[in-house]
Amino acid sequence: MPKLVIASASYGVHTPEALQLLSQVFDEIRRVDLKVGEAEDSTARKIGDADALILGAGGTVTRKVMLDASNLKIIARHGIGLDNVDLRAASELGIPVTYCRHTGEEVSVAEHTVALILACARRLVEADKAVREERWGLRASLIGLELRGKTLGIIGFGAIGREVARIMREGFRMRVIAYDPYVPDAVFTEHKVGRVDLEYLLRESDVITIHVPLTSETRRLLNKERIQMIKKGAVLVNTARGAVVDEEELSKALTEGRIFYAGLDVFEQEPPAGSPLPKLPNVVLTPHVAAFTREALYRMDIANAEDLALFFRGERPRHLANPEVYEMGLRAKQVRK
Ligand code: NAD
C-alpha cells in the first residue's frame with residue numbers, strides 16, 4: 001500500500017472520517033511541518049519516499065522537489081491557492097494536483113473577510129484591549145467608520161470576491177465596485193457590481209479587499225505608487241496572499257494615517273517575523289485562518305481524502321487543478337494497490 005505525508009497542521013483535526021478513509025488507502029501516514037519559504041532540499045527530505053502529499057499553505061513544491069521526491073505520484077492541496085505548487089512541472093512529470101475548488105471554501109474566507117472589515121471599521125481589537133486593560137476612558141478616542149452607503153472595492157472578482165460583494169451589498173448596503181480584467185461583463189451585471197479599473201478603485205473605495213491569486217502579475221500589485229493612490233482614510237483588507245501588497249509601503253501608509261486601518265490574514269513571510277505590521281496599532285492580524293471553520297475544513301478534508309482514494313483505486317480525482325495531466329501521462333502508471 002502507498003505512503004502519505006500530510007503537511008497541513010489543520011488537516012483532519014475535526015474530520016475523523018477523512019483520516020479513517022485515508023487509513024484504508026495508505027499503509028503509512030506521516031505528518032510533517034512545511035514552512036513558507038522552506039528550502040527545496042528540506043521539503044524533498046520531509047516528503048521522502050511518500051507516494052502522496054497533502055499540502056497546506058506552507059512549503060513550496062517546485063520541479064526540483066518533485067524530481068527529488070521521486071516516488072511522489074499525487075499532490076492534494078489542502079486549500080484553493082496554487083501559488084506554492086509548480087503546476088506546469090507537476091503536469092510534465094505526470095503528477096496530478098487536486099485542490100479544494102468547488103468545496104464551498106469561499107464562504108468561510110468571505111465571512112472572515114467581512115469579520116476583518118468590521119474589526120477595522122469599528123476598531124474592535126483596540127476596543128477589546130481598552131476594556132481588558134481597564135482603560136475605559138479610551139472610548140472617546142475609539143471612533144470608527146460606518147459602512148452603509150460607502151464604497152467597497154474588490155480586487156479580483158472570483159468566488160471569494162463575489163461572496164464578499166453579496167454580503168456587503170445585501171447586508172450593509174454598500175456600493176460595490178470591482179477590478180478583474182478576466183471576468184466577463186455579465187458577471188458584474190449579475191452581481192450588481194460596477195466594473196472599474198484599478199486606479200479608479202483605489203482612489204474611490206472606502207474599503208478595499210483583495211481576492212486575487214498570487215501570480216507573477218499580481219505580486220506587489222499594490223506597490224508604492226498604487227498604495228499612494230488609495231483614498232485617504234480607507235480600510236484595506238487582504239485575505240488573498242501577502243506578497244500581493246508591498247508590506248513596507250503599507251506600513252508607512254498606516255503609520256502616516258493615509259490608510260486608516262488594515263485587516264490582514266496573510267503575509268509575505270508566515271509568520272511575519274521582522275515585519276513592521278504587527279507593531280502598528282491600526283492593524284488587525286489573523287494567522288492565515290480565513291478558511292478555518294469546522295464546516296469548510298470538513299468539506300476540504302473530505303474532498304482531499306476522496307480524491308486520493310479515487311486516484312489510488314485507478315480512478316480520476318474529482319477536484320483536479322491540472323486535468324491535462326491525464327492526457328500527458330501519469331507518473332503512477334502502475335498504481336500500487
Ligand atoms: P478565484 O480563482 O475564484 O478568483 C480569483 C480572481 O482573481 C479571478 O476572477 C481572476 O480573474 C482574478 N485575477 C487574476 N489575476 C488578476 C489580476 N492580475 N488582476 C485582477 N484580478 C485578477 O479564486 P478565489 O477562490 O476567489 O480565491 C482567491 C485567492 O484567495 C486564492 O488564489 C488564494 O490565494 C486566496 N485564499 C486565501 C485563503 C486564506 O485562508 N486566507 C483561503 C482560500 C483562498
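Nothing here was measured: the structure is a model prediction, and the numbers come from that model. (Residues numbered from 1 in each chain as written. Predicted model: local features only at pLDDT ≥ 70, side-chain atom pairs only at ≥ 80, totals over all residues. Heavy atoms only, no water.)

## Focus on the sheet that holds strand 1 (residues 3-7)
Taken together, the five strands give an open sheet; going across it, the order is 2-1-3-4-5, and neighbouring strands pair in parallel fashion. Strands at the two margins of the open sheet, each flanked by one partner only, are strand 2 (28-31) and strand 5 (97-98). Strand direction decides the pairing type here: strand 3 (residues 52-55) and strand 4 (residues 74-77), joined by four bridges, are parallel. When the bridges of strand 4 are listed, Leu55 appears paired with Arg77. In the packing of helix 12 (residues 294-312) onto the sheet, the strands contacted are strand 1, strand 3, strand 4 and strand 5, and the crossing angle to strand 4 comes to about 165°. (Pairing = 2+ DSSP bridges. Helix = DSSP H or I, 4+ residues; strand = E, 2+ residues; numbered from the N terminus. Contact = heavy atoms within 4.5 Å. Axes fitted to C-alpha atoms, helices over the stretch in contact; angles between N-to-C directions.)

## Side note on the pairing of strand 9 (residues 207-210)
Side chains of strand 9 alternate between two faces, with Val207 and Thr209 and Ile208 and Ile210 buried alike. Judged from the four bridges that link them, strand 6 (residues 151-155) and strand 9 form a sheet pairing that is parallel. Bridge pairing in strand 9 places Ile154 opposite Thr209. Pairing of strand 9 with strand 10 (residues 234-238) involves four bridges; the strand directions are parallel. Across the sheet, residue Ile210 finds its bridge partner in strand 10, namely Asn238. Following the chain from strand 9 across helix 10 (residues 224-229) to the adjacent parallel strand 10, one finds a crossover that is right-handed. (Buried < 20%, exposed > 50% of the residue type's maximum accessible area, 1.4 Å probe, protein only. Right-handed = clockwise from strand over helix to strand, strands pointing away.)

## Thoughts on the packing of helix 5 (residues 105-121) against helix 7 (residues 159-172)
The axes of two packed helices give the description: the angle between them and the distance between them. Close contact between helix 5 and helix 7 brings their axes to 8 Å; oriented N to C, the two are set at 50°. Relative to helix 7, the element helix 5 is oriented oblique. Helix 7 is crossed by helix 5, and the crossing has right-handed handedness. Together, Glu106, Val107, Val109, Ala110, Glu111, Thr113, Val114, Ile117 and Leu118 of helix 5 and Ala159, Ile160, Glu163, Val164, Ile167, Met168 and Phe172 of helix 7 make up the contact between the two elements. Within the contact of helix 5 with helix 7, the residues separate by chemical class into twelve nonpolar, one polar and three charged. (Parallel < 35°, antiparallel > 145°, perpendicular 65-115°, else oblique. Left-handed = near helix turned anticlockwise from the far one by under 90°. Nonpolar A, V, L, I, M, F, W, Y, C, P; charged D, E, K, R; others polar.)

## So, the domain arrangement of the chain
Each assigned domain of the chain is listed here: domain 1 (3-103 + 293-328) and domain 2 (124-281). Averaged C-alpha coordinates put domain 1 and domain 2 at centres separated by 31 Å. Interface of domain 1 and domain 2: buried area, both sides summed, is about 470 Å²; carbon and sulfur atoms make up 47% of it. Summed over the three residues of domain 1 that lose the most area to domain 2, namely Val36, Asp83 and Arg101, the buried surface amounts to 73% of that side. Counting across the interface, domain 1 meets domain 2 through one salt bridge. Residue Arg241 pairs with Asp83 through a salt bridge whose shortest N-O separation is 3.0 Å. At the junction of domain 1 with domain 2, the criterion picks out one residue pair in polar contact (both at pLDDT 80 or more). Partitioning the side of domain 1 that touches domain 2 into residue classes produces one nonpolar, one polar and three charged. (Domains from an automatic or database assignment. Buried area = accessible area lost by both parts, 1.4 Å probe. Salt bridge = Lys/Arg side-chain N within 4 Å of Asp/Glu carboxyl O. Polar contact = N/O pair within 3.5 Å; in protein donor to acceptor, adjacent residues only side chain to side chain.)

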